[in-house]
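Remarks on the overall topology
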There are 2 protein chains.
Amino acid sequence: MRISELSRRSGIPTPTIKYYLREGLLPPGRATAATQAEYDEGHLRRLRLVRALIGVRGLSVSATRDVLGAVAARAGELHQVLGLVLGARPVGDEAAPEDPPEGEVEALIGELGWNVSEHAPARAVLGETLETLRSLGAELDHASLLGYAELAERTAVLDLDQLDPRADPLEQAERALLLTVLLEPALLALRRLAQENESARRNT
Amino acid sequence: MRISELSRRSGIPTPTIKYYLREGLLPPGRATAATQAEYDEGHLRRLRLVRALIGVRGLSVSATRDVLGAVAARAGELHQVLGLVLGARPVGDEAAPEDPPEGEVEALIGELGWNVSEHAPARAVLGETLETLRSLGAELDHASLLGYAELAERTAVLDLDQLDPRADPLEQAERALLLTVLLEPALLALRRLAQENESARRNT
DNA sequence: CTAATATAGATAGTGCCACTATCCAGTATC
DNA sequence: GATACTGGATAGTGGCACTATCTATATTAG
């Protein structure tokens with residue numbers, strides 16, 4: 001399939017596809033001549049994945065590239081991928097160079113007995129968010145934090161249940177990415193609906 | 001307090017504060033003369049809140065304005081605020097005009113017996129996300145969705161426990177906003193850590 | 001075989017957004 | 001009264017995600 005068909009089947013304008021090719025979000029097609037290349041179903045799938053990450057979850061192009069790169073590089077080690085895949089700060093941010101020990105996060109992970117990589121970006125995200133809340137006077141007490149962590153644990157069990165460990169590793173990793181990232185808005189939406197319901201329940 | 005002190009105490013440059021004033025994220029100060037106005041602690045608090053919404057959660061300036069407006073307008077009806085506060089699409093998006101009935105979401109809400117407003121934007125967000133997942137071939141079965149919803153329910157209980165129903169309604173609403181919105185990255189980070197842990201556990 | 005169409009790759013331009021800089025006339029303060 | 005600061009207005013900046021155009025080639029319809 002040539003680029004115009006890729007565009008037609010994905011609904012994405014040709015110039016945008018070229019842009020994604022330049023940015024490395026989409027691997028180049030198999031060149032058949034100086035001005036001709038051939039794309040396959042994999043490209044189409046990848047293109048849809050890219051659009052979902054950018055459009056639904058609001059990742060930036062460069063964050064998307066990083067995430068996809070991480071998945072490709074570590075397709076074999078699914079748990080690394082799951083943990084690492086999203087340094088993706090909501091906004092630029094570029095990870096403050098200062099690296100406070102963030103004892104609270106370490107302690108929590110230790111207390112729960114979680115086995116997670118030292119470098120998981122989620123550690124830093126968690127630490128920063130707790131710090132921000134504290135600085136705004138809305139500190140979370142330890143018991144609540146533990147409660148949230150336990151719910152996260154059960155969410156993760158549900159998440160992992162969606163995966164079929166017998167599938168091809170790369171496909172598996174892409175599916176994990178899809179479920180990890182794209183489910184995020186859905187889980188947050190569920191939380192907001194549940195909050196509204198719970199708030200209504202308490203105020204009657 | 002004049003604008004320079006507001007800037008010094010918040011760490012935000014004066015021109016940016018002026019920009020927020022223009023954009024309506026911060027109410028104007030009490031004018032004492034043609035070129036003089038007085039700001040108070042409330043302005044400082046609001047400014048920090050704005051920064052947190054924009055910086056930590058990545059809301060756009062206009063989304064932030066909408067959210068703050070909604071909170072101010074409905075400080076009395078906390079549960080409405082909690083549910084409504086975040087139509088905030090991750091990225092522009094502007095809510096597709098097509099409005100499919102989204103029967104799945106309605107059914108879920110009915111099944112759970114949740115009492116939420118007809119117009120809660122979270123309904124649409126949820127519907128769209130499920131639709132996207134389906135179109136990418138990563139559909140969620142009903143049982144899993146129910147599982148996630150039940151976990152959301154328990155998260156909401158924890159959330160509401162953080163609020164003190166005796167506090168001033170506006171302050172209460174702002175705190176709710178803080179906890180709803182700023183906790184989001186933390187909850188997602190917890191989920192990713194838990195995923196990595198669970199994945200490691202299953203693969204040993 | 002030719003004319004119309006399509007293509008890869010390169011370069012430049014666009015529109016939006018979140019600031020940031022500058023200017024001005026009017027205080028405030030020393 | 002000189003200097004610094006202020007509110008308000010207007011204009012400029014840099015980054016980002018595209019989008020448009022151009023050129024040299026390739027394919028294809030007639």
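Residues numbered from 1 in each chain as written. Chains lettered and ligands numbered in written order. Predicted model: local features only at pLDDT ≥ 70, side-chain atom pairs only at ≥ 80, totals over all residues. Heavy atoms only, no water.

Chain A is annotated in an unreviewed UniProt entry as Transcriptional regulator of Streptacidiphilus pinicola.

Moving on, we get to the pairing of strand S1 (residues 30-33) of chain B. All names here are of chain B. One ladder, built from 3 bridges, connects S1 with strand S2 (residues 36-38); its direction is antiparallel. In the strand pairing of S2, Ala33 is matched with Gln36. What sits between the antiparallel neighbours S1 and S2 is a turn of 2 residues. (Pairing = 2+ DSSP bridges. Helix = DSSP H or I, 4+ residues; strand = E, 2+ residues; numbered from the N terminus.)

Neighbouring residues of DNA strand C: 23 residues in total, closest A:Ile3, A:Ser4, A:Lys18, B:Tyr20 and B:Arg22. Each atom of DNA strand C within 4 Å of the protein was classed as base or backbone; sugar and phosphate made up 66%. Broken down by secondary-structure element, the contributors of at least two residues to the surface near DNA strand C are helix H1 (3-10), helix H2 (14-23) and strand S2 (36-38) of chain A together with helix H2 (14-23) and helix H3 (41-56) of chain B. Residue contributions to the surface near DNA strand C peak at 5 residues, all from H2(B). Looking at the surface near DNA strand C residue by residue, the class counts come to 11 nonpolar, 7 polar and 5 charged. (Near = heavy atom within 4 Å. Nonpolar A, V, L, I, M, F, W, Y, C, P; charged D, E, K, R; others polar.)

Moving on to the environment of A:Leu133. The topology assignment puts A:Leu133 in helix H7 (residues 121-135). You can call A:Leu133 buried: its relative accessible area is 0%. Residues in contact with A:Leu133, not counting those within four places in the same chain, are A:Ala138, A:Glu139, B:Leu178, B:Leu182 and B:Leu183. (Buried < 20%, exposed > 50% of the residue type's maximum accessible area, 1.4 Å probe, protein only. Contact = heavy atoms within 4.5 Å.)

This part covers the environment of B:Pro169. Residues and elements named next belong to chain B. As for its position among the elements, Pro169 is in helix H9 (residues 169-202). A relative accessible area of 46% means that Pro169 is categorised as partly exposed. It is 9.2 Å that separates the C-alpha atoms of Pro169 and Arg74, two residues lying 95 residues apart in sequence.

Residue and element names in this part refer to chain A. Where H1 contacts helix H3 (residues 41-56), the two axes come as close as 10 Å, and the packing angle between them is 45°. Judged by the inter-axis angle, H1 sits oblique to H3. Between H1 and H3 the crossing geometry is right-handed. Residues Leu6, Arg9 and Ser10 of H1 pack against Glu41, His43, Leu44, Leu47 and Arg48 of H3. Among the residues forming the contact of H1 with H3, the class breakdown is 3 nonpolar, 2 polar and 3 charged. (Axes fitted to C-alpha atoms, helices over the stretch in contact; angles between N-to-C directions. Parallel < 35°, antiparallel > 145°, perpendicular 65-115°, else oblique. Left-handed = near helix turned anticlockwise from the far one by under 90°.)

After a rotation of 180° and a shift along the axis of 0.0 Å, chain A superposes on chain B with an RMSD of 0.1 Å. The transformation just described matches what one would write down for a two-fold rotation axis. Considering only C-alpha atoms, the part of chain A nearest the rotation axis is A:Leu151, at 3.3 Å. Both copies share a contact surface, since 99% of the interface residues of chain A are interface residues in chain B too. (Least-squares fit on C-alpha atoms with pLDDT ≥ 70 in both.)

Further remarks concern empty space enclosed by the protein. The full count for this structure, using the stated rule, is 4 cavities of 30 Å³ or more. The wall of the largest cavity is formed by 15 residues, among which A:Ala152, A:Thr155, A:Leu187, B:Thr155 and B:Leu187 lie closest to the centre. Where the lining of the largest cavity is concerned, the elements lending two or more residues are helix H8 (142-161) and helix H9 (169-202) of chain A together with helix H8 (142-161) and H9 of chain B. In the lining of the largest cavity, the residues fall into 11 nonpolar, 2 polar and 2 charged. (1 Å grid on protein atoms, 1.4 Å probe; cavity = no way out; pocket = protein on both sides within 12 Å on 5 of 7 lines; lining within 4 Å. Points joined across faces, edges and corners; volume = space filled by probe spheres on them.)

Another point: the packing of aromatic side chains. Residue and element names in this part refer to chain A. Evaluation of the coordinates by the stated rule reveals 2 aromatic pairs over all chains. Seen in terms of ring centroids, Tyr19 and Tyr20 are 5.7 Å apart; in terms of plane orientation they differ by 40°. Their pairing is tilted. On the accessibility criterion, Tyr20 (5% relative accessible area) is buried. (Phe/Tyr/Trp six-rings, centres within 6.5 Å; stacked < 30°, edge-to-face > 60°.)

Attention shifts here to the confidence of the model for chain A. On average, chain A scores 86 in pLDDT, and the residues at 70 or more come to 87%. At the low end of the mean pLDDT range in chain A sits helix H5 (residues 78-84) of chain A, at 61; at the high end sits H2(A), at 97. (pLDDT = per-residue confidence, 0-100.)

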